[in-house]
Each structure stands twice: as C-alpha cells, then as structure tokens.
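The chain contents come next:
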Amino acid sequence: MNSKMAESEVEVIHSWSAPRSLSTSLMYSFAQRDDIEVLDEPLYANFLRVTGLDRPYREELLSKMESDGNKVINDIIFGPGRKKYRYCKHISKQRTQGLTDDLMKKGKHFILIRNPLDILPSFDKVVPPSFFELGLAELVCIYNELREIGKPPPVVDAAELLQDPEATLRDLCNELEIPFQSAMLKWETGQKPIDGLWAPWWYKTVHKSTGFEQSRKYPQTFPFSLYDLLEQSLPLYNMLRRHVKKKSSLLSSPLPSPNLPVPANQKLLAWVGDEIVPRDSAKVSVLDSVVQGGDSIWEGLRVYKGKIFKLEEHLDRLSDSAKALAFENVPTRDEIKEAIFRTLIRNGMFDNSHIRLSLTRGRKVTSGMSPAFNLYGCTLIVLAEWKPPVYDNTRGIILVTATTRRNSPNNLDSKIHHNNLLNNILAKIEGNNAKADDAIMLDQDGFVSETNATNIFLVKKDRVLTPHADYCLPGITRATVMELVVKEQLPLEERRISLSEVHTADEVWTTGTMGELSPVIKVDGRIIGDGKVGSVTGRLQAAYQKLTAESGVPIPTYHS
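My aim in this report is to walk through the structure given alongside it, one point at a time. (Residues numbered from 1 in each chain as written. Predicted model: local features only at pLDDT ≥ 70, side-chain atom pairs only at ≥ 80, totals over all residues. Heavy atoms only, no water.)

1. Comments concerning the overall build of the protein chain
Alright, step 1. Helices and strands together make up the secondary structure of the protein chain, namely 20 helices and 21 strands.
Alright, step 2. Along the first, second and third principal axes, the C-alpha atoms of the protein chain reach 105 × 50 × 50 Å.
Alright, step 3. Out of the 560 residues belonging to the protein chain, those deemed buried represent 49%.
Alright, step 4. In the protein chain, the share of contacts with a sequence separation of at least 24, taken over all contacts with a separation of at least 6, comes to 73%.
Alright, step 5. Accessible surface, the protein chain as shown: approximately 27,800 Å² in total, 51% of it carbon and sulfur.
Alright, step 6. One finds the centroid of the 70 positive side-chain charges in the protein chain at a distance of 2 Å from the centroid of its 71 negative side-chain charges. (Helix = DSSP H or I, 4+ residues; strand = E, 2+ residues; numbered from the N terminus. Buried < 20%, exposed > 50% of the residue type's maximum accessible area, 1.4 Å probe, protein only. Contact = heavy atoms within 4.5 Å. Areas by Shrake-Rupley, 256 points an atom, 1.4 Å probe, with all protein chains shown as cover. Lys, Arg positive; Asp, Glu negative; His and termini not counted. Charge placed at Lys NZ, Arg CZ, Asp CG, Glu CD.)

Here you go:
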C-alpha cells in the first residue's frame, strides 16, 4: 500500500494568536500527541507576498513555501493526511484579504491571547512593533466572524497556560471535543522538524523550554517608548479576555460571575466623564478623587413613564453639596441634564428605572488628599439601571437598631450628600448580619436619626412623626411625603424620637428614592401595629404613586 492510499480526510484545528503569545509552545504541546500533525504558520508566505513586507528570511521563505494562500488552504491545510487531526498555528495578521471562506467555515478554531504588557517588551527582536504587527485588531475580527457564523471559539489566555498548564489544556481539549493526552505537557529542548524556517529569528527562547514553565517570577520592565501602543492594544486584549472561561489573577483565585438582581442590566450604557460607554468600560481613573478619598457627591433619581421624578430638587441638592465641598469646574445644570437625558435615551430606559448620579471632584495630577491636585475638573457619572423599588412595599420590611451611630454635624454634616458612606455601610453590615432589610441609626444622644439608607416616619394615635434632620440627610422623598401628610390633613410633628417610640408605634415606614414608601412590620423583634401595612401608610403610598404619575421632568423623545 503506498503512502497516498494511507492518507485520508483529517479534522483541522486552527489556533489564532498574536505574535509572542506562547503560540509556538502550544504548537509544540499539540505536536506531542499521537493523533495529530502540525503546520507552523502555513499562510506566512502568502502574507509576505500580499503585503510586500520585509523579513530577514523573506526571499528564502517565498522560494521554499507555497505563497498562493488559497492553494495552501485547499491543498495543505485541508488536504488529506495520515493522522486524525491537523493542528494549524496561525498568526492573526496572516489572514489577508482574498482568502477563501473555507478557512473560517471549516475545522475547529480557538483563540490564544496574551497581555500586551507581556508581549511588547520582547516584540522588537526581529520586527519593529506596531499596531498592525501586533495583530490584535484582526484577532478580534476573527473572534467576531466565527461567532457570527455560529462557531464561537474558545479563548485561552497565555497566563492560564503558565499558571496551570494541565487544567487549561484539559479544558481546551474538552472545548475542541478531543481527548486530552498527558504527553502535551512536556517536549524535548532544541529545534523541531515542524519549525518554520523563521525559527532561528523567533524561537530561541522556546527552544530552551521543555514545557509551560514560568521563565521568571517577576515581569520585565515595560519599555515606555511603547506606551501609546499599549494604550491602543490593551482594550482589544481585554475585549477578548472577557470570553475566557477561567481568568487568572495575581492576588487570588477569581470569583465566578455572579447573577445580577436584574439580568437586563448585564448590558447597559453609562455616562462617565464626557462620554457614554458600555458597562464593562464604565470606569474612573485610579487618580480620581472618589478613589483617592471618597471625595464625591451623588443623587438617586427614579424614572416613571417617561419622566424623571423631582429632577430639579435633586439637582438643587447636588449643587448645594458641590458648593459645600468647594468643588471647582463643576458642569452646568444644563450639561448634567443633557448627560442624564442622553444616557436614558441611549438605554431606552423610560420607566421603572433608577439613576445613580455622581459628581466627583475629578482626577488629580498626583495621588494625595489636597484638592489643589484637582486640575482636570469634575467627573460626572450617570449610571442608569432597570431597577424596581428595592423593598417589599406590599408586605413590609424588618429593621434592627445598629450600634453604629449616625455622624454628628460636628464631624461630617449629613446635609452634604457625599459618597463617603462608611458610616452607613457599617450599620448596613449590622442589618445584614441580623437578616434584616436595613438598620436604624441613632444620633449621639440616642435618639432615632434614620436608617442606613432611608429616612423614617412613624404613626402614633393618628399623628405622623419624623426625626429632625439634624443628624440625617433631609431626603427629597422625605420632604415629598411630609407635604403629602399635610395635604392628607394628618397632624405632622418633626421632633426628637426615642427608640421606644418606634417600638410602640402604630405604624412605621421608611422613605427614599430607591424604595419609595416602605412599610415596616417589625423592629428589633417587636411587631409594629398588627404586623401589616397600616391605613395611614397605605393612604400615603397611594398619594405618592398618584404624584409620581402626574409630575416629573419629561425625557426628550419619549412618547407614551
């Protein structure tokens, strides 16, 4: 039987990567299998012919290697073979225009990525680094094209190969639906018969290896002459890295992706600074004041049927907080409104949504506390989410009293609606630990102030009581409810309230933009009233719903 008769159709596995991404090591790994043959960059000669690019080995390569790309695809990549599989190592930029669609449609594909921080320091040994030579843009195109034709490829990060070679290779083999072979973990040092003729220029380091061992504990110093190229390429790497099933971490094992309370918020657009960006790109600088010292202010707004409720009042408070904290170069009121409108319209969020509006003092020229370092102006953030009221306003909620006391105006005035929320968060931790919905916070004299997130009201003998806003935020929903109490011709008292008065109240509710009016049915183990939503609470809930339906600032372009 001659060799031709022994050949048959093979299943092709395509590996796509940028240069310097451990692609040769991975090729050596697959070459150890007993059921596979390997091709090292079969489209390289076609790439040099089409692009006209120079390489030290250009003429030799063009004379010894087939340079007609479609012939390579038809006769070599998809030609008959003697083993079950054929592994093709491809560099992404070598997928040039004019190649047959079979290259992408046939066979199995996967993508190998590596952080440009690790690629660039050693890139220029043969070729001057450039955005084109790095090939990450084409790698993203390859990923998207494969996904569009219904063949989303597995993505492997080189960092995973180095951190846990066996687990990563097992996962890859599983994705490719081929059996893992332990032989893939080791190979002999030195040149290989499968090497392309460019190996002496590019493979010196990998020829010294016998596996995927880390060559050094710490990375090389980054050549800052390539900083601009890093800025261009890193987002493309991160885009692909999001599709890696297991992500390596320098600090600890990565956590699994959590389920979102509202799955629709997985894909949203947020305003950061002066632009609208996707959720995963919505980030502030490490030099921003909100990172450096919690130096930021915020507002929560709710959207009802094409209108933003109490928008002007919230912007008034935002302005007051900015002035109290001596912010400079603050966006104008109209600019903030436009950012809010544009964000809502882009997301199509016209009802049952919530806006977290933040204004930081902005980026600093160097890390530090002093506002004198803030020379870039404020950073505006508009985070809009699909978010129903966060509490159970039908059956009611449970509160406990926290040992953490509310800030005194002697320390930090709660009338400034700032992002420095540790005081509230400590109380919320106590509430969480007690399996309660929220925690009541007392002032320094032991009187009720508010909860960790909302203002509080109670009813005793048909009189509505609420604490003075001395230690708490004078909430906009609080003020709205106080107006509704008067309109409903109920007696209203704003005064000091002791904790025992809350325990013995006929009704209790909390107020806030996020939760509206939330009935409280139990506090510190004491049942409030009959443990159900009280009549006064119900009246005010209905009045509040009527007000939200009738008032608010319309969102441009919305049509009911």
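2. A look at a nonpolar patch on the surface
Alright, step 1. On the surface, a nonpolar cluster with roughly 370 Å² of combined accessible area is contributed by L422, I425, L426 and I429.
Alright, step 2. Residue position: I425 is located in helix α17 (residues 422–433). (Patch = residues over 30% accessible without salt bridge, like charges linked within 9 Å, V, L, I, M, F, W, Y side chains within 5 Å. Salt bridge = Lys/Arg side-chain N within 4 Å of Asp/Glu carboxyl O.)

3. Observations concerning the pairing of strand β11 (residues 379–386)
Each regular strand carries side chains that alternate between the two faces of the sheet.
Alright, step 1. Across the 8 residues that make up β11, a large majority, 6, are buried.
Alright, step 2. In the sheet, strand β6 (residues 269–272) pairs with β11 via 2 bridges, with the strands oriented antiparallel. Residue pairing for β11: V272 is matched across the bridge by I381.
Alright, step 3. Sheet topology places strand β10 (residues 353–360) next to β11; 8 bridges connect them, and they run antiparallel. Across the sheet, residue H354 finds its bridge partner in β11, namely E385. (Pairing = 2+ DSSP bridges.)

4. Considering empty space enclosed by the protein
Alright, step 1. Within this structure, the stated rule accounts for 1 cavity of 30 Å³ or more.
Alright, step 2. By volume, the largest cavity amounts to about 50 Å³.
Alright, step 3. What lines the largest cavity is R302, F309, K310, H314, I476, T477, T480, T513 and Y544.
Alright, step 4. Per element, the largest residue contribution to the lining of the largest cavity is 3 residues, and it comes from helix α18 (residues 476–487).
Alright, step 5. Classifying every residue of the lining of the largest cavity gives 3 nonpolar, 4 polar and 2 charged. (1 Å grid on protein atoms, 1.4 Å probe; cavity = no way out; pocket = protein on both sides within 12 Å on 5 of 7 lines; lining within 4 Å. Points joined across faces, edges and corners; volume = space filled by probe spheres on them. Nonpolar A, V, L, I, M, F, W, Y, C, P; charged D, E, K, R; others polar.)

5. Description of helix α2 (residues 23–31)
Alright, step 1. In terms of burial, α2 is largely enclosed, as 8 of its 9 residues are buried.
Alright, step 2. Listed as buried for α2 are S23, T24, S25, L26, M27, Y28, S29 and F30.
Alright, step 3. Of the surrounding secondary structure, the elements contacted by the buried residues of α2 are β1 (11–17), β2 (36–40), β3 (85–91), β4 (108–113), α10 (158–163) and α11 (165–176).

6. As for the sheet that holds β1
Alright, step 1. Within the open sheet, the 5 strands sit side by side as β2-β3-β1-β4-β5. Their pairing is parallel. Of all the strands in the sheet, just β2 and β5 (155–157) have a single pairing partner and so form its edges. Strand-to-strand twist in this sheet, taken as the mean axis angle between neighbours without regard to direction, amounts to 25 degrees.
Alright, step 2. Bridge count between β1 and β4: 5 bridges; the pairing is parallel. Across the sheet, the residue bridging to S17 is L112, located in β4. (Axes fitted to C-alpha atoms, helices over the stretch in contact; angles between N-to-C directions.)

7. Let's talk about helix α3 (residues 44–51)
Alright, step 1. Every buried residue of α3 is listed here: Y44, A45, N46, F47 and L48.
Alright, step 2. Here the buried face of α3 lies against α4 (58–64), α5 (69–77), α8 (131–134) and α12 (199–202).
Alright, step 3. Phi turns positive, to about 75 degrees, at G52, one or two residues after α3.

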